[in-house]
Amino acid sequence: MSDVIDIDAIGEGQVAVMDQLPSGEIPAESPLHHLDSTVPTFTSKPAGVRLWEEALKGHLVLRGNAEDPTFQRGVEAALGMALPERLRSVQQGPLSLRWIAPDEWLLVCPGDQAAALEIRLRRHLSGHFAVVNVSGGQTLIHLAGPDAAMVLKKSCPYDLHEHNFPIGKVVTTVLAKTQATLCKIAADQWELVVRRSFADYAWRWLVDASAEYGLIGDTPATAAQRRASTGRHPVSSET
Amino acid sequence: MTQINRLSSGGRIDRETPIRFVFNGRHYGGYRGDTLASALLANGVKVVGRSFKYGRPRGIVAAGAEEPNAIFQLGAEESTQVPNVRATQQEIFEGLVSRPTSGWPGLGFDLMGAAGKLFGRMLPPGFYYKTFMFPQSFWEVYEKYIRKAAGLGRSPRVPDADIYDHLNQHTDVLVVGAGPAGLSAALAAARTGARVILADEQAEPGGSLLYSRDLIDGEAPDRWLHNTLTELAGYEHVQVLTRATVNGYHDHNFLTIHERRSDHLSDRAPEGQARQRMHRVRAHWVVLATGAHERPLVFGHNDLPGCMLASAVSTYIRQYGVVPGRRLVLMTTNDYGYRTAFDWQDSGHEVVAVVDTRQNPEGPYQEEARARGLTLMRGCAVIEAKGGQQVTGAVIAPIDADGGRVTGATRVLACDTLASSGGWSPAVHLSCHTGSRPVWRDDIIGFVPGETVQRQLVAGAVDGTYSLAGCLREGLRAGVEAAVKAGYPSVPTAAPKVNELTEGEAMALFCVPHLKRTSRAPKQFVDFQTDVTAAAIELATREGFESIEHVKRYTAMGFGTDQGKLGNINGMAIAARSMNKTIPETGTTVFRPNYTPVTFGAIAGRHCDELFDPKRYTAMHPWHVEHGAKFEDVGQWKRPWYYPKPGETMQQALDRECRATRESIGILDASTLGKIDIQGKDAREFLGRVYTNAWAKLAVGKCRYGLMCGEDGMVFDDGVTSCLGEQHFLMTTTSGGAARVLEWLEFYHQTEWPELEVYFNTVTDHWATMSIAGPNSRKLLAELCDDIDLDRDAFRFMDWRQGTVAGVPARVFRISFTGELSFEINVQANYGLYVWEKLFEHGAKYNLTPYGTETMHILRAEKGFIIAGQDTDGAVHPYDLGMSWAVKEDKPFSFIGKRGMKRADCVREDRKQLVGLKTRNPKVVLPEGAQAVNDPNQPKPMTMLGHVTSSYYSANLGRSIAMGLIRDGFNRMGDTVYYPQTDGSVIEAEICSPIFLDPKGERQNV
Amino acid sequence: MFYIHCPYCCEYREEEEFHAKGQAHIARPADPDQCSDEEWGTYLYFRKNPRGLHHEIWVHAIGCRKFFNVTRDTQTYEIKETYKMGEQPKVTSVSDTLETEEAAQ
Ligand SMILES: [Zn+2]
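Keep in mind that what you see is a predicted model, and the values were worked out from it rather than measured.

**Observations regarding the UniProt feature "domain: Aminomethyltransferase C-terminal" (unreviewed entry) in chain B**
Thought 1: UniProt's entry tags residues 912-998 of chain B with the feature "domain: Aminomethyltransferase C-terminal" (unreviewed entry), counted in the numbering of this structure.
Thought 2: Secondary structure over residues 912-998 of chain B splits into 0% helix and 49% strand, and the C-alpha atoms at its two ends are 25 Å apart.

**Observations regarding the pattern of salt bridges**
Thought 1: Counted under the stated rule, the structure contains 88 salt bridges over all chains.
Thought 2: A salt bridge links Arg98(A) to Glu191(A), with the nearest nitrogen and oxygen atoms 2.6 Å apart. Of this pair, Arg98(A) sits in strand β5 (residues 95-101) while Glu191(A) sits in strand β11 (residues 189-195), and the two are 93 residues apart along the sequence. Both residues of the pair, Arg98(A) and Glu191(A), count as buried.
Thought 3: Between Arg358(B) and Asp335(B) there is a salt bridge, and its shortest N-O distance comes to 2.6 Å. Here Arg358(B), found in the loop between β18 (350-356) and α9 (364-371), pairs with Asp335(B), found in the loop between β17 (327-332) and α8 (338-346); they are 23 residues apart in sequence, far enough to count as distant. Here Arg358(B) and Asp335(B) have matching classes, each one buried.
Thought 4: Residues joined by salt bridges that share partners form a network here, namely Arg63(A), Asp103(A), Glu104(A), Glu746(B), Arg65(C) and Lys66(C).

**A few points about the coordination of the zinc ion**
All names here are of chain C.
Thought 1: Protein coordination at the zinc ion: the donors are Cys6 (SG), Cys9 (SG), His60 (ND1) and Cys64 (SG), at 2.0 to 2.4 Å from the metal.
Thought 2: Read in sequence order, the donor residues for the zinc ion give the motif C-x2-C-x50-H-x3-C. In this pair, cysteine 9 sits in the loop between β1 (3-6) and β2 (11-14) while histidine 60 sits in the loop between β4 (53-59) and β5 (67-73), placing the two residues 51 residues apart along the sequence.
Thought 3: Classification of cysteine 9 by relative accessible area gives buried; the value is 2%.

**Quick notes on the sheet that holds strand β37 (residues 728-733) of chain B**
Residue and element names in this part refer to chain B.
Thought 1: Taken together, the five strands give an open sheet; going across it, the order is β35-β36-β37-β34-β38, and neighbouring strands pair in antiparallel fashion. Each end of this open sheet is capped by a strand with a single partner; those strands are β35 (703-709) and β38 (759-762). Each strand of the sheet is rotated relative to its neighbour by a mean of 30°, with strand direction disregarded.
Thought 2: Examined bridge by bridge, strand β34 (residues 674-679) and β38 share four bridges and lie antiparallel to one another. Counterpart to glutamine 679 in the pairing with β38 is tyrosine 759.
Thought 3: Against the sheet, helix α18 (residues 683-690) contacts β34, β35, β36 (715-725), β37 and β38, and its axis sits at roughly 30° relative to β37.

**Description of the interface of chain B and chain A**
Thought 1: Listed per partner, the contact involves 60 residues of chain B and 62 residues of chain A.
Thought 2: Both faces considered, chain B and chain A share a buried interface measuring about 5100 Å² in area, 54% of it formed by carbon and sulfur atoms.
Thought 3: Taken together, chain B and chain A are joined by seven salt bridges.
Thought 4: With a shortest N-O distance of 3.5 Å, Lys154(A) and Asp165(B) are connected by a salt bridge.
Thought 5: Linking chain B to chain A there are 33 residue pairs in polar contact (both at pLDDT 80 or more).
Thought 6: Those elements that place two or more of their residues in the side of chain B that touches chain A are β8 (163-176), β34, β36, β38, β41 (808-813) and α21 (832-843) of chain B.
Thought 7: Per-element tally for the side of chain B that touches chain A: the top contributor is β8(B), with six residues.

**Structural notes on the side chain of Asp677(B)**
Thought 1: Mapped onto the fold, Asp677(B) is located in strand β34.
Thought 2: Within the buried set, Asp677(B) has no salt-bridge partner at all; the shortest N-O distance to an opposite charge, 5.6 Å, is to Arg811(B).
Thought 3: A distance of 3.0 Å separates a polar atom in the side chain of Asp677(B) from a polar atom in the side chain of Gln679(B).
Thought 4: In this structure the side chain of Asp677(B) is engaged in a polar contact, spanning 2.7 Å, whose partner is the side chain of His728(B).
Thought 5: When neighbours within four sequence positions are excluded, Asp677(B) is seen to be in contact with Val132(A), His728(B), Phe729(B), Leu730(B), Tyr759(B), Phe760(B), Asn761(B) and Val763(B).

Reading the values: rules and limits
- Residues numbered from 1 in each chain as written.
- Chains lettered and ligands numbered in written order.
- Predicted model: local features only at pLDDT ≥ 70, side-chain atom pairs only at ≥ 80, totals over all residues.
- Heavy atoms only, no water.
- UniProt positions renumbered as here; feature names shortened; annotations may be inferred.
- Helix = DSSP H or I, 4+ residues; strand = E, 2+ residues; numbered from the N terminus.
- Salt bridge = Lys/Arg side-chain N within 4 Å of Asp/Glu carboxyl O.
- Buried < 20%, exposed > 50% of the residue type's maximum accessible area, 1.4 Å probe, protein only.
- Donors = N, O, S within 2.8 Å, 3.2 Å for Na, K, Ca; no water.
- Pairing = 2+ DSSP bridges.
- Axes fitted to C-alpha atoms, helices over the stretch in contact; angles between N-to-C directions.
- Contact = heavy atoms within 4.5 Å.
- Buried area = accessible area lost by both parts, 1.4 Å probe.
- Polar contact = N/O pair within 3.5 Å; in protein donor to acceptor, adjacent residues only side chain to side chain.
- Lys, Arg positive; Asp, Glu negative; His and termini not counted.

Here is the structure:
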């Protein structure tokens, strides 16, 4: 792998940058890959709720000073989009950038682009900042449908009313006895970022809370995504 | 039995839908819309329970939440048992099974009644107080009888068949109570566009409108009620919750609503639906329209079945089409009470007399009474009820103007129902929950909500406004005000016109005088549920309990499940009279959540069974399950504890795992270790401040063990931190300490040293971590990794390297918690299971053995490695652990813990210190937690030297090993200490070095 | 259950998202090694327990992970203000002023 990424050139010995994807065809298993066998994912009623994992995406935590114009410009140059406002999300093609804290953002990208984007960011940023690959540590769960809001009301203490939670808003809050970063991505659809080790609990909780509304917990396509060969695609030298 | 008391028409029940139910083993009939109470009254059931202390028969008194007697156990099956249900709030459904909770030993068989006198003597006022003051044994003797008799009901003995859930809600305006005030408040607020929740505890919204005689806009209130509900139902931003009790008002306008979603439908909830739901509501503004409870008057034998609240009698007649008897005597201190006589007469039954305690009441109510030809007895009171199992008559006497004494001869009127109205007590309960004390108002003879810091408005009877017109008007005002304060534009709503009779002044009478003084008079009950009498309250004040809060605790008044809704004000009045004080002078009584009892199911919600607490899994978890691992809870993590083979005991499995690791190779899933990514130019400086040892010179590619202390110098976590780059470190923490350590680092960064340029991010879940340990671990790794030079001198102990393991990019750390040659392989968690399985494919020939936390503990204990939190307890500093090598005192910055370790007590020579312990008998394993003493024969209390912190049987050493804290232990090597056991035996152990195996550390350096 | 305004998220959030971290405005001594045992003990262990206004630190643990200050009335549980780390309270009580004066003497 060092033939593609020159770690020393990127991190200049200051930080260890690492492409963490295998170069061969090696199966990756999402935090919810085991679900098919252990958690019922269908109920019989017409579905008021749909629930699926958007598995094996690239997740990068970006830290920096939002007030610093150099940092702002660097992010924009690297990602083609400006930092989102407080509690907001921005989207650029397959990339989304979510506000997490005044000095923290979450960049979600296609699974094979995490390393390339980390390198891009590091090339465009200077001074005090950090980029951390957390792709293995969390996953995305989508909750959609006319009763999705009811399921979230059973799970989260945050006010989900559209006045308070418009499309594009991002909120990290309590989800049952764990936590999630919620982003409203359409009128009846939320994306939840949950930590890997809590994903099973979060999923079971949501399935349970959805039961009375009727649930489609998976489609063969979304289930298949959980266990996929995600061999690394070579990082082009332009990135 | 037929419904002998059912009127042929009227009421809001559905006569087309008859329903059969069971009470106390007998079948009864009723109609949909009946409560258990209305249906039992319809069937002529008078006695529904026996009193707690005296075993006296008790009947239904009220028609709402304030009912003290008809408290039932519900449920047709063991799994559907519900205790503490008020019959007045439980609707009947086909097949409902109920029984009294206070009927022991049986409603018909009056054992308790016979024993009442004796038992009553056993339970004088102050019983609880004295019981808790005097030896515990007294309580133990009586507790089970008292509990059984006390009518507390019981919880199911098998898991609940139903589910319960929670719903978090936010609203602009929460209106509590859907009577006339609450409905108008909700309507007014809804019209502004504000989000409104209107909650009412009854099955049907309407409150007093459901039985009111008044007219709204010239018609029975039903039309206004219907129109209002229809309009509210049309608003998407309005929720009307029925069977939903707002039972708690907490800080910052957080309220809980206990909604019974299917208790009225069947014994079990419909499939997939929650039986009850707890709404957790954050309201911008709250309008309390909780109404008022009528006060019964206190008189002799006022607890006989047939004695009822006047308004309850009206409710049963008008709302349920049930007249509870044939002949009514009504006693009232106010005009409103007259309505019950009118309602009774309208139902076609005889009103024997209206007994008005006022000397000369005159107004529209008296006019109507005369016009109806009712017998009106003014300046009189019912001083005593007559009857054995139920009311058969009323003893009536003239009383003086302030109700202090009987002024003339008595006469007895035959009757079967004795209704009384002593006026109204505003339902101030919720307003009290957040600490606001209610305020007495002489003009309404009651307490109203006091000052509050909550965003709360009040409307209607809860604020002492009893006229229907007033309630509607106040409701509208409060609704608009709440919505405007919540940021919505005012929308004027006109109040409807009301026709109602004007009421005259009421009399402040609580306890009716008797011919005899209170202590000699027939029992005058104040609190039915706890059997507290007027005489008991007087006794309490004579014994010196002057504050009403003390009187309550001494007599147990208000301590029942009804919290004294009926009795508290009467009790205060009696205490005040007995001390020649005013009611407010005796103090105020406040109420606490919950307003009415709430099931544990509703409190727990879905946080039960497998969803009780998160179970955290590592990426390799499915493999552990497949391979028969037993799991241990470490925080919320499920960690493999050990992997027994078929037929193996735990000890056999541990022995095998330990030997395999030391002899060839073992593997541990270490993914749960906390991992914190640290980046920034000041990362190194920061580490130097939070760890006790030095970090200034740790080179890239190197790892170091560190101890983390609090400012007090005591160890609170430890772990290995690796230098990934000049400005990049990976810190590991204990599995249980990960979140705490991250918060600790952030705390110091954000509050003390914000100038340091460093970022912390958790990567605990991102990396799957597998630790291979044992002499063959290098060989195994070499088979799967060809891009790291594994030579002992190229990849040394406490180095880390980046490479590829089984085709997956990995960071490999040559660190060891076992003392063996060991490599910790970290790969992105999505590939953890793959790499783990590849290790087993190649490891079979080395007998690669998975081991769990227990073997990990044994192996590290053989080496004397500590576990923070097990061998430390928050009172142990690094020197106590013999780890001075991990403290670098001459660092330029005074690191956290340095100053703490220098306090006088911390530098004493004879502190408790961590040492090894070898039992004299090598087969005996010391129990962890056992206390050491010097002399096992010393009389108790013995001088304790410290406790055993870690103790195991080591197969590798063929003996037990232990570590423990011993006072002055470092100076006592070779000494013998004794561990007395609970069975009287004593374990003898020798103090030794905690490093039992390979003291020079040669095994890990091969 | 408090409703707490996070000065970093600029929103009210439920108490469940926060952890309380004790009294605010206690600076770590610049040179701990020069502190007497008593001074160090005071820094470490002695805290106010006022009936009334209390300045305390909270962290938006399930949220932005930022620490901030809260001025809270310990009798009514009202939160009078929240403000960022490094800022000073706007709401102070008479008793606080007195205590400061006493400390200064
Ligand atoms: Zn925040």
